[in-house]
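The residues making up each chain are set out below.
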Amino acid sequence: MTPEFSLIERFFTRPAPSATLGVGDDAALFAVSPGMELAVSTDMLVAGTHFFPDVDPRKLGWKTLAVNVSDLAAMGAQPKWATLSLALPEIDEIWLGAFAEGFFQCANQYGVELIGGDTTRGPLNLSVTIFGEVPRGQALRRDRAEVGDDVWVSGTLGGPALGLAALQSRASLENDALQQCVQALEQPWPRVELGLALRGIAHAAIDISDGFLADLGHILERSRVGANIEFDALPAHAALVPKIGSSQIKQCVLAGGDDYELCFTAPAGQREAISAIATQLGLGLSRVGCIVPGDSALVLDASGNPLSIERTGYDHFA
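Residues numbered from 1 in each chain as written. Predicted model: local features only at pLDDT ≥ 70, side-chain atom pairs only at ≥ 80, totals over all residues. Heavy atoms only, no water.

- In the annotation of an unreviewed UniProt entry, the protein is listed under the name Thiamine-monophosphate kinase and assigned to Novimethylophilus kurashikiensis.
- The UniProt entry for the protein carries the following text under Catalytic activity (unreviewed entry): "thiamine phosphate + ATP = thiamine diphosphate + ADP".
- Heading Sequence similarities (unreviewed entry) of the UniProt record for the protein holds this comment: "Belongs to the thiamine-monophosphate kinase family." (UniProt positions renumbered as here; feature names shortened; annotations may be inferred.)

This is the structure:
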C-alpha cells in the first residue's frame, strides 16, 4: 500500500452507515431521502491565510469541518456527508492523528459521515465539500428577504475577530478574555439546530463568516433590498463590551468575521415564534434592524444617526 493510501486508511477511514459506498473507491455512493433536496457547499482553509500554521491541529480539524457545517445550517439543511482533501508539506503522523481526532469530533457532533477525498503534497491546504438534505422547497436562501422583515443575529459577534487581533498583537486582552476570544476563533459551533428550526419562519439567511455587514450585504444584494441596522442592538461578545465605544471594537462587531453565527430575516409577525426558538435552544437571538427599500445597509447610532463604516468585512483578494 502506498503512503498516500496508508495515510487515508489509518487516519480518515471510518464507517459511513448511511452511504452505499464510502471511502476506498473511485467515488462515493449515497442516496438522498425521498422528498429531499441535496444541499452542497465547499470551503477551503489555507495556512497563513485562514489559520496560523502552528495552530492546535485538533482545533484545526474541528474548524475545517465546522465552517462547512455552518454553510448548511444557513440553508436550513441537515448535514449528512463530507469529503476532505488535504495538501500536506509532509506526512506528520502526530499532527495527522490530532487533526483527524478534531475533525471526527465535529463530525460526530453534527452527524456527518466522511465518504471520500484526496491527499497530495504541497503547502498546507484543507478543503471540505459537504452534503446535506433539506425538504424540497424549504431551504433558507439569500434571495428571499422582503421589505418590512426584521433582521436577526444569533449568539454574539466580534469575539473571534478580537481574538485574532490579540494573537497578531493588534489588541491587548486580559487572560480570561483572551482565552474566550481565541476559543471562539478556533472552535466555532455551527447553528444547525437553529437553521432547522427557522424553516418556514425565516425568509432569508446566511452564516456570518466574513463579517456581519459583508454577509448581510449578500442577502441585500440577492434580495434587492436595503437594511437599517441599530448598532446598539448588535450582540457584542462579552469581551468587547467594556470597550464598545472604540473604533477597533466597532469594526470587530460589524466586520470582524469568523463568528459563524446566523443572520436571518423574518416577518415581524414571527417574533413570538423566534422568541420561542431562542428559549427552546437556549440561544440568544437578537433583533438588530429591519429590511427597507434600497440596496445597502445603513448602521445607526443610538440617536438614529448613520455611523461611518471603515470596512464591511474580510476581502479574500484585498
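## Side note on the overall build of the protein
And step 1. Along the backbone of the protein there are nine helices and ten strands.
And step 2. Sequence separation of at least 24 residues holds for 85% of the intrachain contacts in the protein that already meet a minimum separation of 6.
And step 3. Total accessible area on the protein is roughly 15,000 Å²; 50% of this is exposed by carbon and sulfur atoms. (Helix = DSSP H or I, 4+ residues; strand = E, 2+ residues; numbered from the N terminus. Contact = heavy atoms within 4.5 Å. Areas by Shrake-Rupley, 256 points an atom, 1.4 Å probe, with all protein chains shown as cover.)

## Considering the packing of helix α4 (residues 159-167) against helix α5 (residues 175-186)
And step 1. For the pair α4 and α5, interaxial distance at closest approach is 7 Å and the crossing angle is 110°. As the angle between them shows, α4 and α5 are arranged roughly perpendicular. Like other packed secondary-structure pairs, α4 and α5 cross with a definite hand, here left-handed. Note on element contacts: α5 touches α4 through L178, C181, V182, A184 and L185, opposite G159, P160, L162, G163, L164, A166 and L167.
And step 2. Residues that form the contact of α4 with α5 fall into these classes: ten nonpolar, two polar and no charged. (Axes fitted to C-alpha atoms, helices over the stretch in contact; angles between N-to-C directions. Parallel < 35°, antiparallel > 145°, perpendicular 65-115°, else oblique. Left-handed = near helix turned anticlockwise from the far one by under 90°. Nonpolar A, V, L, I, M, F, W, Y, C, P; charged D, E, K, R; others polar.)

## A word on the packing of aromatic side chains
And step 1. Applying the stated criterion to the full structure yields six aromatic pairs.
And step 2. Judged by centre distance (6.4 Å) and plane angle (65°), the ring pair of W62 and Y110 falls under edge-to-face. A residue pair is termed long-range when its members are at least 10 positions apart, and W62 in helix α2 (residues 57-75) and Y110 in helix α3 (residues 93-110) qualify at 48 residues.
And step 3. Classification of W62 by relative accessible area gives buried; the value is 4%.
And step 4. On the basis of relative accessible area, Y110 is assigned to the buried category, the value being 11%.
And step 5. Taken together through their ring pairs, the aromatic side chains of W95, F99, F103 and F104 make up a single cluster. (Phe/Tyr/Trp six-rings, centres within 6.5 Å; stacked < 30°, edge-to-face > 60°. Buried < 20%, exposed > 50% of the residue type's maximum accessible area, 1.4 Å probe, protein only.)

## Remarks on a nonpolar patch on the surface
And step 1. A surface patch of nonpolar side chains, amounting to about 220 Å² of accessible area, comprises V32, L38 and V40.
And step 2. With respect to the helices and strands, the residue L38 is situated in strand β1 (residues 36-46). (Patch = residues over 30% accessible without salt bridge, like charges linked within 9 Å, V, L, I, M, F, W, Y side chains within 5 Å. Salt bridge = Lys/Arg side-chain N within 4 Å of Asp/Glu carboxyl O.)

## Overview of α4
And step 1. Most of α4 is tucked away, with seven of its nine residues classed as buried.
And step 2. Where α4 is concerned, the buried positions are G159, P160, A161, L162, G163, A165 and A166.
And step 3. The elements touched by buried residues of α4 are α5 and α8 (247-255).
And step 4. Directly after α4, the chain includes S169, whose backbone phi takes a positive value near 60°.

## Observations regarding the pattern of salt bridges
Two side chains that carry opposite charge are able to pair once their charged atoms sit near each other.
And step 1. All chains considered together, the criterion is met by seven salt bridges.
And step 2. Note that D258 and K63 form a salt bridge whose closest N and O atoms lie 3.1 Å from each other. On the criterion of sequence distance, the pair formed by D258 in the loop between α8 and β8 (262-266) and K63 in helix α2 is long-range, its members being 195 residues apart.
And step 3. The partner of R141 in a salt bridge is D143, with the nearest N and O atoms 2.6 Å apart.
And step 4. Assessed through its relative accessible area of 34%, R141 is described here as partly exposed.

## Re the nonpolar core
And step 1. Of all hydrophobic cores here, the largest spans 51 residues; its most connected members are L65, F264 and L285.
And step 2. Among the elements of the structure, β1, α2, β2 (78-88), α3, β4 (125-135), α6 (192-197), β8 and α9 (271-281) are those that each provide at least two residues to this core.
And step 3. Counting contributing residues, this core receives three or more from each of domain 1 (3-135) and domain 2 (149-300).
And step 4. Apart from residues no more than four positions distant in its own chain, F264 is found in contact with D150, V151, W152, L194, L198, A202, A204, A205, I274 and L285.
And step 5. Residues A145, I219, F231 and C263 belong to the second largest nonpolar core, which totals 36 residues. (Core = buried A, V, L, I, M, F, W, Y, C linked by side-chain atoms within 4.5 Å. Domains from an automatic or database assignment.)

## Some remarks on the environment of R199
And step 1. For R199, the position within the fold is in the loop between α6 and β6 (204-207).
And step 2. Note: C-alpha distance between R199 and V134 (65 residues apart in sequence) is 9.4 Å.
And step 3. Every residue in contact with R199, bar those within four places of it in the chain, is listed here: G76, A77, Q78, E133, V134, P135, Q138 and L140.
And step 4. Within the structure, the side chain of R199 is placed 2.8 Å from the backbone oxygen of G76, a separation counted as a polar contact. (Polar contact = N/O pair within 3.5 Å; in protein donor to acceptor, adjacent residues only side chain to side chain.)

## Remarks on the UniProt feature "binding site: Mg(2+) 4" (unreviewed entry) in the protein
And step 1. When the UniProt feature table is mapped onto this chain, "binding site: Mg(2+) 4" (unreviewed entry) is found at D26, S41 and D71.
And step 2. Note on placement: D71 falls in helix α2.
And step 3. According to the relative accessible area criterion, D71 is buried, its value standing at 17%.
And step 4. The residues touching D71, leaving out its near neighbours within four places in the chain, are S41, D43 and D207.
And step 5. One polar contact links D71 to S41, side chain to side chain, over a distance of 2.9 Å.

## Overview of the sheet that holds strand β3 (residues 113-121)
And step 1. Taken in spatial order, the four strands line up as β1-β4-β2-β3 in an open sheet, and their pairing is mixed. Pairing within the sheet leaves two strands with one partner each, and these edge strands are β1 and β3. Strand-to-strand twist across the sheet, computed as the mean angle between neighbouring axes with direction ignored, equals 15°.
And step 2. Pairing analysis gives eight bridges linking β2 to β3, with the strands arranged parallel. Among the inter-strand pairings, L88 is bridged to a residue of β3, identified as R121.
And step 3. Running over the sheet, α2 touches β1, β2 and β4 and is turned about 30° from β4.
And step 4. With respect to the sheet, α3 is in contact with β2, β3 and β4, its orientation differing from that of β2 by roughly 165°. (Pairing = 2+ DSSP bridges.)

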